[in-house]
Amino acid sequence: MPVYTLTYFPARGIAEMSRYVFAEAGVQYEDIRVTGDEWPKLKPNTPFGKMPYLTVDGKYVAHSRAIVRFLGREFRLDGGDSLTAARLDVWIEQLFETYSSMPWTEEDEDKKAKLLATWEKETLEPKLKKLEAEINATGGPYFLGKDVSILDLVIFSICEFMKAKWNLDFAQFCTLTKLREAVAARPNIAAWIKKRPE
Ligand SMILES: N[C@@H](CCC(=O)N[C@@H](CS)C(=O)NCC(=O)O)C(=O)O
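Residues numbered from 1 in each chain as written. Predicted model: local features only at pLDDT ≥ 70, side-chain atom pairs only at ≥ 80, totals over all residues. Heavy atoms only, no water.

- Identification of the chain as glutathione transferase from Phallusia mammillata is taken from an unreviewed UniProt entry.
- Under the UniProt heading Catalytic activity (unreviewed entry), the entry covering the chain gives this text: "RX + glutathione = an S-substituted glutathione + a halide anion + H(+)". (UniProt positions renumbered as here; feature names shortened; annotations may be inferred.)

What follows is the structure, given as structure tokens:
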């Protein structure tokens, strides 16, 4: 088994989906957490001056989504064939595009709340309804039906982040709620959630 190290800030952020993949696969890795004080010194020695990055026997894999896809292939959580893997990728990109279109830079709180409400109705809702229709077509609870994949772990992680950062609970999306409950109940995921740092 290769030696894996995952380096990120002491936060969940865009590294947690990869930590979930390691947890689900039951694979050991070094979970390196770099503080804000340590970061300026480390930054010039990282692949692209950003985190997270992974090393595999000393070779780097950078960019959070490239990391998650690589781990999916490594641990057979990528659907097993190239078309299925591509369908997972499509939704990973779709979800990150949706998340990037949130009103991140608006500083006026009233304007931000209005923009968020519009974004929820016009962007989030149609995208998640379409995602739910695709999950329902497989019978669920996961995107591929009975087999969990990196996409389910990415969905779980993004929803968790949006809840913490934007207080969105997605309660109106029943299929998504079932998927999140199914992920949370997986023994390795539940064990990671219990033991991980705050
Ligand atoms: N496309 C990259 C973005 C990475 C990124 O922006 N990382 C931020 C933390 S979430 C970072 O390293 N910020 C510190 C810096 O830019 O100095 C990815 O998905 O990994």
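From this point on, the discussion continues.
### As for the overall build of the chain
Item 1. Secondary structure assignment for the chain yields 8 helices and 4 strands.
Item 2. Counted from the first residue to the last, the chain has its helices and strands arranged as β-α-β-α-β-β-α-α-α-α-α-α.
Item 3. Computed over its C-alpha atoms, the radius of gyration of the chain comes to 17 Å, within 12% of the 16 Å expected for a compact globule of 198 residues.
Item 4. The C-alpha extent of the chain, read off along each of the three principal axes, is 45 × 45 × 30 Å.
Item 5. The proportion of buried residues among the 198 residues of the chain is 45%.
Item 6. When the accessible surface of the chain is summed, it comes to about 10800 Å², and 54% of that surface belongs to carbon and sulfur atoms.
Item 7. Positive and negative side-chain charges in the chain, numbering 28 and 29 respectively, have mean positions lying 1 Å apart. (Helix = DSSP H or I, 4+ residues; strand = E, 2+ residues; numbered from the N terminus. Rg over C-alpha atoms; globule rule 2.2 N^0.38 Å. Buried < 20%, exposed > 50% of the residue type's maximum accessible area, 1.4 Å probe, protein only. Areas by Shrake-Rupley, 256 points an atom, 1.4 Å probe, with all protein chains shown as cover. Lys, Arg positive; Asp, Glu negative; His and termini not counted. Charge placed at Lys NZ, Arg CZ, Asp CG, Glu CD.)

### Quick look at the UniProt feature "domain: GST N-terminal" (unreviewed entry) in the chain
Item 1. With numbering matched to this structure, UniProt assigns "domain: GST N-terminal" (unreviewed entry) to residues 2-79.
Item 2. Structurally, residues 2-79 comprises 32% helix and 22% strand, and the distance from its first C-alpha atom to its last is 22 Å.

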